[in-house]
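Residue-level listing of the chains:
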Amino acid sequence: EKRKTIDVFLGSLRQPEDERKVRHCNKILRKIPAKENYRELLDNTPILLRHFVALPKEIRDVVSRTSEEMVNGLKNDHIQDIQTLEDQNRYCHYAAGLVGNLITIIFWYRNYLSSKNMNRMMALGHDFGVALQKVNILKDIREDVIEGRIYWPRALVENFGLSYKRLASLQEEDRENFGSLVKRLLIDLEPYIERSFEYIDGLPYTPGGLRVFCGDNLLFSIATCRVLRDTKSFYQGKNKITREEVATIHKRVEDIVGEKGDLRNLGRCVGYRSIGSEIK
């Protein structure tokens with residue numbers, strides 16, 4: 001049913017001017033059971049499609065092609081059979097790496113990037129998307145396990161003396177092994193974070209919104225990793241940074257980009273301590 005729904009949505013992307021297809025897509029989307037935030041997104045699909053039609057044809061084409069590649073990859077029956085980190089990387093490629101490629105192509109189309117370094121920026125943009133996805137996979141482990149989604153490598157989980165069933169309801173005696181497992185997954189994430197900074201380095205300072213958009217997402221993820229590194233927080237069900245820290249990080253990112261500075265120092269700061277309490 002999910003695959004059928006996605007195929008119908010792809011059809012509306014290919015021919016967004018076809019009102020019959022768009023109405024059919026909206027009708028199907030309204031029948032999907034979803035949580036409140038996803039329900040709001042699905043109910044507002046007509047707005048998304050209306051803005052999509054207004055985009056230049058070249059951008060619509062690359063969005064449609066990328067969406068089809070994502071869907072075809074994620075449709076694979078084995079894509080979520082994640083036994084190893086390599087399996088997880090393959091899943092992240094389709095779920096988010098392609099999104100990093102997509103925004104890079106759009107930046108190039110808008111003349112924010114030159115053709116001469118596009119190969120490098122495409123590779124870095126891909127890993128920027130993967131970095132954000134891996135943080136989400138880390139953050140949402142309990143909810144994913146409870147709902148039957150397996151994104152942490154099963155073999156790695158078992159190597160640390162744990163199981164997926166035990167991850168759904170962490171016990172005190174598992175804390176040391178769980179902490180070591182999280183640390184291992186954070187080590188795997190490190191090179192993706194560094195390549196994400198390299199990606200931002202390759203973006204122009206004008207318009208500043210490009211670096212702020214990417215910098216916000218990267219710094220929020222790094223701060224989230226700080227929260228996840230604290231096993232006590234995980235056991236208490238805390239997996240997010242505060243709204244105050246979100247606001248503070250965003251303001252700092254804007255200031256640093258405005259001064260044409262490097263975001264790495266801020267990354268190191270939020271990686272080790274919360275800066276949300278400093279907001280005035």
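Just above, that's the structure.
These numbers come from a predicted model, not from an experiment.

1. Here we look at the packing of helix 3 (residues 36-43) against helix 4 (residues 45-54)
Following both chains from N to C, one finds helix 3 and helix 4 inclined at 45°, their axes separated by 4 Å at the closest point. By the angle class used here, helix 3 and helix 4 are oblique. In contact with Leu-41, Leu-42 and Asp-43 of helix 3, helix 4 contributes Thr-45, Pro-46 and Leu-48. Residue composition of the contact of helix 3 with helix 4, grouped by class: four nonpolar, one polar and one charged.

2. Quick notes on the environment of Val-22
Within the secondary structure, Val-22 is located in helix 2 (residues 19-30). Note: C-alpha distance between Val-22 and Glu-147 (125 residues apart in sequence) is 30 Å. The contact partners of Val-22, leaving out residues within four places of it in the chain, are Ser-12, Pro-16 and Leu-49.

3. Here's the deal with a positive patch on the surface
Where like charges cluster on the molecular surface, the positive patch consists of Lys-4, Lys-27, Arg-30 and Lys-31. With respect to the element layout, Arg-30 can be found in helix 2.

4. Details of the pattern of salt bridges
For the structure on display, the rule yields 22 salt bridges. Ionic pairing is found between Glu-17 and Arg-60, a salt bridge with its closest N-O pair at 3.5 Å. A residue pair is termed long-range when its members are at least 10 positions apart, and Glu-17 in the loop between helix 1 (2-14) and helix 2 and Arg-60 in helix 5 (residues 57-75) qualify at 43 residues. We note a salt bridge from Arg-39 to Asp-43, for which the minimum N-O separation is 3.1 Å. In this pair, Arg-39 and Asp-43 are both assigned in helix 3, four residues apart and thus about one turn of the helix distant. What makes Arg-39 buried here is its relative accessible area of 18%. With relative accessibility at 40%, the residue Asp-43 sits in the partly exposed group. Bridged by salt links that share partners, the residues Lys-35, Glu-143, Asp-144, Glu-147 and Arg-149 form one connected network.

5. Considerations on the layout of surface pockets
Of the volumes computed, that of the second largest pocket is approximately 480 Å³. Around the second largest pocket sit 17 residues that line it, and Glu-190, Ile-193, Ile-222, Arg-229 and Tyr-272 are the ones nearest its centre. Elements that contribute at least two residues to the lining of the second largest pocket include exactly helix 11 (175-201), helix 12 (209-229) and helix 15 (264-272). Considering each element in turn, the lining of the second largest pocket owes the most residues, eight residues, to helix 11. Looking at side-chain class alone, the lining of the second largest pocket contains eight nonpolar, two polar and seven charged residues.

6. Regarding the packing of aromatic side chains
Inspection of the entire model under this criterion finds three aromatic pairs. Measuring from centroid to centroid gives 4.8 Å for Tyr-91 and Tyr-151, while their planes differ by 25°, and the two rings are stacked. Here Tyr-151 lies in the loop between helix 8 (141-146) and helix 9 (154-159) and Tyr-91 lies in helix 6 (residues 85-109), a separation of 60 residues in the sequence. Comparing Tyr-91 with Tyr-151 shows no difference in burial state: the two are buried. Ring centres 6.0 Å apart and planes at 15° place the aromatic pair Trp-152 and Phe-178 in the stacked group.

7. Some remarks on helix 2
Because an α-helix packs 3.6 residues into every turn, residues spaced three or four apart end up facing the same way. Spanning twelve residues, helix 2 covers 16 Å between terminal C-alpha atoms, matching the ideal 16 Å at 1.5 Å per step. Those residues of helix 2 not exposed but buried are Val-22, Cys-25, Asn-26, Ile-28 and Leu-29. Buried positions in helix 2, seen along its axis, are confined to an arc of 165° and lie on one side of it. Across from the buried face of helix 2, at angles greater than 90 degrees, the exposed residues are Glu-19, Arg-20, Arg-23 and Arg-30.

8. Focus: the nonpolar core
Counting residues in each nonpolar core, the largest one holds 63 residues, and the members touching the most others are Trp-152, Leu-167, Phe-178, Leu-189, Tyr-199 and Leu-219. Of all the elements, helix 11 adds the most residues to this core, at eleven residues. Excluding residues that lie within four positions of it along the chain, Leu-167 makes contacts with Ile-141, Arg-142, Val-145, Trp-152, Val-157, Leu-162 and Phe-178.

9. Quick look at empty space enclosed by the protein
One pass over the full model with this rule turns up two cavities of 30 Å³ or more. In this structure, the largest cavity occupies an estimated 60 Å³ of space. Taken together, Gln-88, Lys-134, Ile-137, Leu-138, Trp-152, Leu-185 and Asp-188 make up the lining of the largest cavity. Among the secondary structure elements, those contributing two or more residues to the lining of the largest cavity are helix 7 (118-139) and helix 11. The dominant element in the lining of the largest cavity, judged by the number of residues it contributes, is helix 7, at three residues. When the residues that make up the lining of the largest cavity are grouped by side-chain class, the tally is four nonpolar, one polar and two charged. Phe-197, Ile-200, Asp-201, Arg-211, Gly-261, Asp-262, Leu-263 and Arg-264 together form the lining of the second largest cavity. Top element by residues in the lining of the second largest cavity is helix 11. It accounts for three residues. Of the residues contributing to the lining of the second largest cavity, the split by class is three nonpolar, one polar and four charged.

Rules behind the numbers
Residue positions are counted from 1 within each chain, in the order its sequence is given. Local features in this predicted model are restricted to residues of pLDDT 70 or higher, and side-chain atom pairs are both shown and tallied only at a pLDDT of 80 or more, whereas totals for entire chains, interfaces and linings draw on every residue. Excluded from the side-chain calculation are hydrogens and water; included are all heavy atoms of the structure. With axes taken as lines fitted to C-alpha atoms, and helix axes fitted only over the stretch in contact, angles between N-to-C directions fall between 0 and 180 degrees. Numbering of helices and strands starts at the N terminus; helices are DSSP runs of H or I of at least 4 residues and strands are runs of E of at least 2. Each angle receives one of four descriptions, namely roughly parallel if under 35 degrees, roughly antiparallel if over 145, roughly perpendicular if within 65 to 115, and oblique otherwise. Whether two residues touch is decided by their heavy atoms; if any such pair falls within 4.5 Å, the residues are in contact. Residues are sorted three ways: Asp, Glu, Lys and Arg are charged, Ala, Val, Leu, Ile, Met, Phe, Trp, Tyr, Cys and Pro are nonpolar, and all the rest, Gly among them, are polar. Candidate patch residues must exceed 30% relative accessible area and have no salt bridge, after which like charges are joined if within 9 Å and Val, Leu, Ile, Met, Phe, Trp or Tyr side chains if within 5 Å. Only the protein chains shown count as covering a residue, and every accessible area follows the Shrake-Rupley method with a 1.4 Å probe. Salt bridges are defined by distance alone: a side-chain nitrogen of Lys or Arg within 4 Å of a carboxyl oxygen of Asp or Glu. When charges are tallied, Lys and Arg are placed among the positive residues and Asp and Glu among the negative ones, while His and the ends of the chain are skipped. Charge coordinates come from a single atom per side chain, which is NZ of Lys, CZ of Arg, CG of Asp or CD of Glu. Whether a residue is buried, partly exposed or exposed follows from its accessible area with a 1.4 Å probe, protein chains only, as a fraction of its type maximum: under 20%, in between, or over 50%, in that order. Here a cavity means grid points, on a 1 Å grid over the protein atoms only, where a 1.4 Å probe fits yet cannot get out; a pocket means an open set of points with protein on both sides within 12 Å along at least five of seven lines; lining residues are those with an atom within 4 Å of a point. Grid points are joined across faces, edges and corners, and a volume is the space filled by probe spheres set on the points. Within 6.5 Å between ring centres, the rings of Phe, Tyr and Trp (the latter by its six-membered ring) count as paired, and their orientation is classed by plane angle as stacked under 30 degrees, edge-to-face over 60, tilted in between. How far a helix is expected to stretch is found by multiplying one less than its residue total by 1.5 Å. Think of it as the arc spanned by the lines of direction from the helix axis to the C-beta atoms. Among buried residues, those of type Ala, Val, Leu, Ile, Met, Phe, Trp, Tyr and Cys that are joined through side-chain atoms within 4.5 Å constitute a nonpolar core.

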